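Overview (structure and organization)
Read off the chains here:
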Amino acid sequence: MNMSNPNFRRRDFLRGSLVAAAMVPFGGALASCASGGGGDEAAPETGGGEVTENNPFGVAEGSTVDAVIFKGGYGVDYVEFAAGVMGGVVGVTPKISASTAIATELQPRFAGGTPPDLIDNSGAQAIGFNTILDQLEDLTDVIDAPNYEGTTIRDTLYEGVLAPGTFGDKLAAINYVLTVYGVWYSSSLFEENGWSVPTTWDEALELGAQAKEQGKYLFCWGKQAATYYQTLAIESAIMQGGDEVRLALENLEPECWSKPAIQDVFAKLEQAVSAGYFAPGGAGTDFTVAQAQWSNEQLAILYPSGSWIENEMKSQTKDGFAMSGFPGLVVDPATAQMGDWLHSPAGEPFIVPSQSANPAGGKELLRAMLSKEAATKFAEEKLAPTVVRDTVPADGFGSTALQWQIEAVEAAAGKVFTYNFTTTYGMNQDQLVVWNSFLDGSIDAAQLTSDLQGITDAVREDDSIEKIEVS
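Described below are features of the structure shown in this document. This structure is a prediction, so every number in the text was calculated from the model and none was measured.

1. Points about the packing of aromatic side chains
- Counted under the stated rule, the structure contains 24 aromatic pairs.
- Here the aromatic rings of Tyr181 and Trp308 are separated by 5.7 Å at their centres, their planes lie at 85 degrees, and the arrangement is edge-to-face. Of the two residues, Tyr181 sits in the loop between strand S6 (174–178) and strand S7 (182–186) while Trp308 sits in the loop between strand S8 (303–305) and helix H12 (309–312), which places them 127 residues apart along the sequence.
- Here Tyr228 and Trp308 contribute two aromatic rings whose centre-to-centre distance is 6.0 Å and whose plane-to-plane angle is 65 degrees, an arrangement assigned as edge-to-face. Separated by 80 residues along the polypeptide, Tyr228 in helix H8 (residues 228–241) and Trp308 in the loop between S8 and H12 bring together distant segments of the chain. The pair Tyr228 / Trp308 is uniform in exposure class, with both members buried.

2. Looking at the sheet that holds strand S3 (residues 118–120)
- With mixed pairing, 5 strands are arranged side by side in an open sheet as S2-S1-S3-S11-S6. Where the open sheet ends on each side, the last strands, each with one partner, are strand S2 (93–99) and S6. Between one strand axis and the next, the sheet turns by 20 degrees as a mean value, whatever way the strands run.
- Pairing of strand S1 (residues 64–70) with S3, which is carried by 2 bridges, proceeds in the parallel orientation.

3. Concerning unusual backbone geometry
- If you check the backbone angles, Leu252 has positive phi at about 55 degrees while not being a glycine.
- Position of Leu252 relative to the elements: it lies in the loop between helix H9 (243–250) and helix H10 (260–274).

4. Comments concerning the side chain of Thr456
- Along the chain, Thr456 falls in helix H18 (residues 445–461).
- Judged by relative accessible area, Thr456 falls into the buried class, the value being 0%.
- At a separation of 2.9 Å, a polar atom in the side chain of Thr456 contacts the side chain of Trp257.
- Thr456 has contacts with Leu252, Cys256, Trp257 and Met427, leaving out every residue within four places of it along the chain.

Procedures and definitions
- Residues numbered from 1 in each chain as written.
- Predicted model: local features only at pLDDT ≥ 70, side-chain atom pairs only at ≥ 80, totals over all residues.
- Heavy atoms only, no water.
- Phe/Tyr/Trp six-rings, centres within 6.5 Å; stacked < 30°, edge-to-face > 60°.
- Helix = DSSP H or I, 4+ residues; strand = E, 2+ residues; numbered from the N terminus.
- Buried < 20%, exposed > 50% of the residue type's maximum accessible area, 1.4 Å probe, protein only.
- Pairing = 2+ DSSP bridges.
- Axes fitted to C-alpha atoms, helices over the stretch in contact; angles between N-to-C directions.
- Polar contact = N/O pair within 3.5 Å; in protein donor to acceptor, adjacent residues only side chain to side chain.
- Contact = heavy atoms within 4.5 Å.

Structure follows, in structure tokens:
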């Protein structure tokens, strides 16, 4: 994936970002953030070592950097590579650990005052930022530091990519990967069958009927990734209904799931379920097994996901698959308010806890990751670009999926949106139950709406949960 448009408009990105200047602050939590490079007016603390051009955070010689990385579609070896790059500049010992359950494993460490030095706060069990914001370092000093090639990091980043990790005036997370969300397919299979890439839900349903004639399904899903279809539904509804839909969801409004644009998409999904266009058994199938039904067996012909999908299924993709994608579906192109917009946020948020043993070391490892060497290595091996510009060639390192992402971002010309309420408030686990039931036909669209609204209302009405106002 690539967001390599140098004219990427910050104003347009901020329309879809998690936060902007109008955000309601966290009840003074920002002002009380711990130091060590945090948001205080005083000079940031260092790691106890000598501050030099090559060691801007003063990491102590011989110290250990403890990093816990979400093991998802990108693995953890890219951080291990960056740790090797770091080792050539600052003499520290990296300890890189993989996790598939960030919240379960790390919330006790936060509570006990022993969090890691660097965390990739990602995956289905990411920790809600509203619960830990005051425990995180401000990472402004990271982007103001020189990269390993001698250029200020801030000047090497795509425009707008810092917005999702900015809470009020605090840069609490640096999102490392640029993600293009879309619906993925085999261009060789489509060409072989003479199928056209759909742009509307009605065209997708027609394609489902054609696939069924070939003994194939339109979609498939796995139990841990049922909410990929929520992502598809939300992005379709935003493309159709515009910011009114996005802001209603982001701000947890009563009856937000009953917005007409959302209901129209739910109705189309319900038609697909009723028509038998979803491969059966997804609620009891591991998500990678389900994805292989699409990428290897070609039992299903479409799959909604982020651009990590190619790397995640690299060893389980049929030869000659020629993976490509398209940016979502609208219900009615004639009335779609943002039909030419692209769902493409910066993802994989990296955070540095203030109470870790070596926050300076966590920042240094992040600085190594933002070097051109490490970012280029990531793009080539993971087939997705980082937030660092000029690391992906036009040929996408030979990846048709990466080539499409480059084309999609350029075609969007800065018209990019995202939404974050599900991760902000940690809703995914509850929503997975609902979506698995809907996709297997156990509940209808009306019950889906009611259940999702119930989850949203519970968060909104819980006074113990800090809310983030999005505008």
